[in-house]
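Each chain is listed here by its residues.
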Amino acid sequence: MTQAEFVVVANRLPVDRVVGAEGDDGWRRSPGGLVTALEPVMRSSEGAWVGWAGKPDLELEPFEFDGTFLVPVRLSAQDVEQYYEGMSNDTFWPLYHDVIAAPRYRRVWWDAYVRVNRRFAEAAADVAAEGATVWVQDYQLQLVPKMLRELRPDLVIGYFHHIPFPAHGLYSQLPWRRQVLEGLLGADVIGFQRVADAGNFARTVRRQLRYQTKASGISVPLADGSYRNAVAKAFPISIDTESYVELARRPEVQQRAREIREGLGNPKRILLGVDRLDYTKGIRHRLKAFGELLQDGRLTVEDVTLVQVASPSRERVESYMQLRDEIELTVGRINGDFDTTDHTAIRYLHQAYPKEEMVALFLAADVMLVTALRDGMNLVAKEYVATRTDNRGVLVLSEFAGAADELPSALLINPHDIDGMKDQIIRAIEMPPAEQGRRMRSLRKKVIESDVVQWSRSFLAALEAAKHRHATAGGDRETAGATASEAS
């Protein structure tokens, strides 16, 4: 087994399995900012990536792909059902998104979650070199940091939480609340999307575990009576901005944007929503606001069209099946009431699209609607901004998305306030070009300066500081921390 100085542990490997024309199996790199951000680090450090290959009961030996050593973790069909669809997506996901849907607490799911997390931790322990840095990703693997520290106390361990972390009053519902907190605190650096999420975590640790939390971090007690400092702070994630800018400047993508407008009947304004089909995204609220604007006569289908891309998501989970039915019924009702032979109120697209097509949609859209009820970050908002090299377009952004902290020049909304959302949509549609330009320049400056490479560098710098503490005599066993943090 290769011994790697840098190891990423994530639910999925950074590759997708593909079947060629001749029926032979192969691999291609997965799209996504995380893979893009970590690729240079993986190459320079001969890194390894531990994750599931995406299909149940797939037995694979570790292999190298495009300069990265990949370590597949096998999941059975039962593991996928209980650990992934059950505990991860029917317990943690709704709980961490403010209980927008009711979480279900099943002991058999928890047992599977513990079992699978241990499998990931053991795979990472096997591949990591002495004193290596390991970076664990997201809520599917919250127990891995502690398990890994028990297996390999020599490692420097980071964990990044890509979704929100709830307030203590909600989190405390979880029957296994202490185990999850202790699992996360196995890490030297625990990263969150927002300062508020880091604060929620620190307050929950204080109330549930009675650990001391300060601006310098969280004091985690050790068996010998000393303490280890765990840093918990915000590291807002971003996108591979340069690739979106490059695509937006391609003549063929710009031509495709013009074709999209023509295909929609060249309305005066195009509104766009791009989401996974998920109850956290506020798609129902968005459709309600748009339907009422048509009903009130403030908008007409001749002038304004809403394009809603809703990519398939967790289609075997009951609440998602119900959501799809509800959204499609709403779209059908609105279109039935307001469509003409030449114009459609809502163009609803329940499918995923390649990146080039998405950039063309961003260029075609005059207004981007991000109406999430709760979102760790929402990278679609940043993708839209990155593509608007013309400094035109308006971003309407939920204040409950992490992106709202970084993009205050957007038109911020409370998606539960339907009347307020309607007013902001009208404001966006009627916004003068000069104001569009002023707001978009401010938004683009932030997105360009704080891209996904800067995000990974800042987190890795925090891990490097933790590594330095490990190397310093007694640096990891103190009664108080010695690093700056925003966890208090």
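Residues numbered from 1 in each chain as written. Predicted model: local features only at pLDDT ≥ 70, side-chain atom pairs only at ≥ 80, totals over all residues. Heavy atoms only, no water.

Under an unreviewed UniProt entry, the name given to the protein is Trehalose-6-phosphate synthase, and the source organism is Microbacterium aurantiacum. Under the UniProt heading Sequence similarities (unreviewed entry), the entry covering the protein gives this text: "Belongs to the glycosyltransferase 20 family." (UniProt positions renumbered as here; feature names shortened; annotations may be inferred.)

On to the sheet that holds strand 15 (residues 346–349). The strand order across the open sheet built from 6 strands is 15-14-13-16-17-18, with neighbouring strands paired in parallel fashion. The open sheet has two edge strands with one neighbour each: strand 15 and strand 18 (411–413). On average, adjacent strands in this sheet sit at an angle of 20 degrees to one another, irrespective of strand direction. Pairing of strand 13 (residues 269–276) with strand 16 (residues 367–370), which is carried by 2 bridges, proceeds in the parallel orientation. The residue bridging Leu272 from the neighbouring strand is Met368, located in strand 16. (Pairing = 2+ DSSP bridges. Helix = DSSP H or I, 4+ residues; strand = E, 2+ residues; numbered from the N terminus. Axes fitted to C-alpha atoms, helices over the stretch in contact; angles between N-to-C directions.)

With that out of the way, let us pick up the pattern of salt bridges. Scanning the entire structure with this criterion turns up 36 salt bridges. The closest approach of N and O atoms between Glu246 and Arg250, which form a salt bridge, is 3.0 Å. Here Glu246 falls in the partly exposed class, since its relative accessible area comes to 39%. Here Arg250 falls in the partly exposed class, since its relative accessible area comes to 28%. The partner of Arg256 in a salt bridge is Glu259, with the nearest N and O atoms 3.5 Å apart. Placement of the pair is Arg256 and Glu259 together in helix 9 (residues 251–263), with a separation of 3 residues, close to one helical turn. A relative accessible area of 30% means that Arg256 is categorised as partly exposed. (Salt bridge = Lys/Arg side-chain N within 4 Å of Asp/Glu carboxyl O. Buried < 20%, exposed > 50% of the residue type's maximum accessible area, 1.4 Å probe, protein only.)

As a further point, take the sheet that holds strand 11 (residues 217–221). In spatial order, the strands read 5-6-4-1-7-8-9-12-11-10; together these 10 strands make up an open sheet with mixed pairing. Unpaired on one side and paired on the other, strand 5 (63–65) and strand 10 (212–214) mark the two borders of the sheet. Going from strand to strand, the sheet's axes swing by 25 degrees on average, the running direction of each strand aside. As paired strands, strand 8 (residues 156–160) and strand 9 (residues 189–192) are joined by 3 bridges and run parallel to one another. Bridging from a neighbouring strand, Phe160 pairs with Gly191 of strand 9.

A complete count under the given rule lists 22 aromatic pairs for this structure. Ring geometry for Trp93 versus Tyr139: centroids 5.8 Å apart, planes at 50 degrees, classification tilted. Here Trp93, found in helix 2 (residues 77–96), pairs with Tyr139, found in the loop between strand 7 (128–137) and helix 4 (144–151); they are 46 residues apart in sequence, far enough to count as distant. Relative accessible area serves as the criterion here: at 6%, Trp93 is assigned to the buried category. (Phe/Tyr/Trp six-rings, centres within 6.5 Å; stacked < 30°, edge-to-face > 60°.)

Let's shift gears to empty space enclosed by the protein. Overall, the coordinates contain 3 cavities of 30 Å³ or more when judged by the stated rule. Here the largest cavity defines a volume of roughly 50 Å³. Lining the largest cavity are Pro14, Arg29, Val35, Leu38, Glu39, Met42, Trp49, Phe65, Thr68 and Leu70. Of all the secondary structure elements, the ones that give two or more residues to the lining of the largest cavity are helix 1 (33–44) and strand 6 (68–72). Sort the elements by how many residues they give to the lining of the largest cavity and helix 1 lands first, with 4 residues. (1 Å grid on protein atoms, 1.4 Å probe; cavity = no way out; pocket = protein on both sides within 12 Å on 5 of 7 lines; lining within 4 Å. Points joined across faces, edges and corners; volume = space filled by probe spheres on them.)

Attention now goes to the confidence of the model for the protein. Overall, the predicted model of the protein reaches an average pLDDT of 92, with 95% of residues at or above 70. Taken as a whole, residues 478–488 scores under 50 in pLDDT and shows 38 contacts with residues more than four places along the chain or in a different chain. (pLDDT = per-residue confidence, 0-100. Contact = heavy atoms within 4.5 Å.)

With that settled, the discussion passes to helix 6 (residues 177–184). Within helix 6 the residues assigned to the buried category are Val180, Leu181, Gly183 and Leu184. Axial view of helix 6: buried residues confined to an arc of 160 degrees, hence all on one face. (Arc of directions from axis to C-beta.)

Attention now moves to the packing of helix 13 (residues 379–387) against helix 16 (residues 433–449). The contact between helix 13 and helix 16 brings their axes to 9 Å, and the two run at 110 degrees. Taken as axis vectors, helix 13 and helix 16 run roughly perpendicular relative to one another. For helix 13 against helix 16, the interelement crossing comes out left-handed. Across the interface between the two elements, Lys382, Tyr384, Val385 and Ala386 of helix 13 pack against Met440, Leu443, Arg444 and Val447 of helix 16. (Parallel < 35°, antiparallel > 145°, perpendicular 65-115°, else oblique. Left-handed = near helix turned anticlockwise from the far one by under 90°.)

With that settled, consider the nonpolar core. Val50, Phe120, Leu185 and Phe201 are the most contacted members of the largest nonpolar core, which has 101 residues in total. Of all the elements, helix 3 (residues 107–127) adds the most residues to this core, at 11 residues. Not counting residues within four places of it along the chain, the set of residues in contact with Phe201 comprises Phe165, Leu181, Leu184, Leu185, Ile190, Phe192, Ile218 and Ala232. Of all hydrophobic cores here, the second largest spans 69 residues; its members include Val8, Phe160, Leu363 and Tyr384. (Core = buried A, V, L, I, M, F, W, Y, C linked by side-chain atoms within 4.5 Å.)

Within a regular beta strand, the side chains point alternately toward one face of the sheet and then the other, so they alternate between its two faces. Of all 8 residues that make up strand 12 (residues 227–234), 6 are buried, and the element is covered over most of its length. Examined bridge by bridge, strand 9 and strand 12 share 4 bridges and lie parallel to one another. Bridge pairing in strand 12 places Gly191 opposite Lys233. Two strands pair when backbone bridges link them, and strand 11 and strand 12 are joined in this way by 4 bridges, in the antiparallel orientation. Along strand 12, the bridge assignment pairs Pro221 with Tyr227. Following strand 11, the chain reverses through 5 residues before pairing antiparallel with strand 12; Gly225 in that reversal takes a positive phi of roughly 95 degrees.

Remark: the principal bend of helix 2, roughly 35 degrees, maps to Gly86. In terms of burial, helix 2 is a largely internal element, 16 of the 20 residues being buried. Residue Asp98 follows helix 2 closely and has a positive phi angle near 60 degrees. (Bend = angle between axes of the 7 residues up to and from the residue.)

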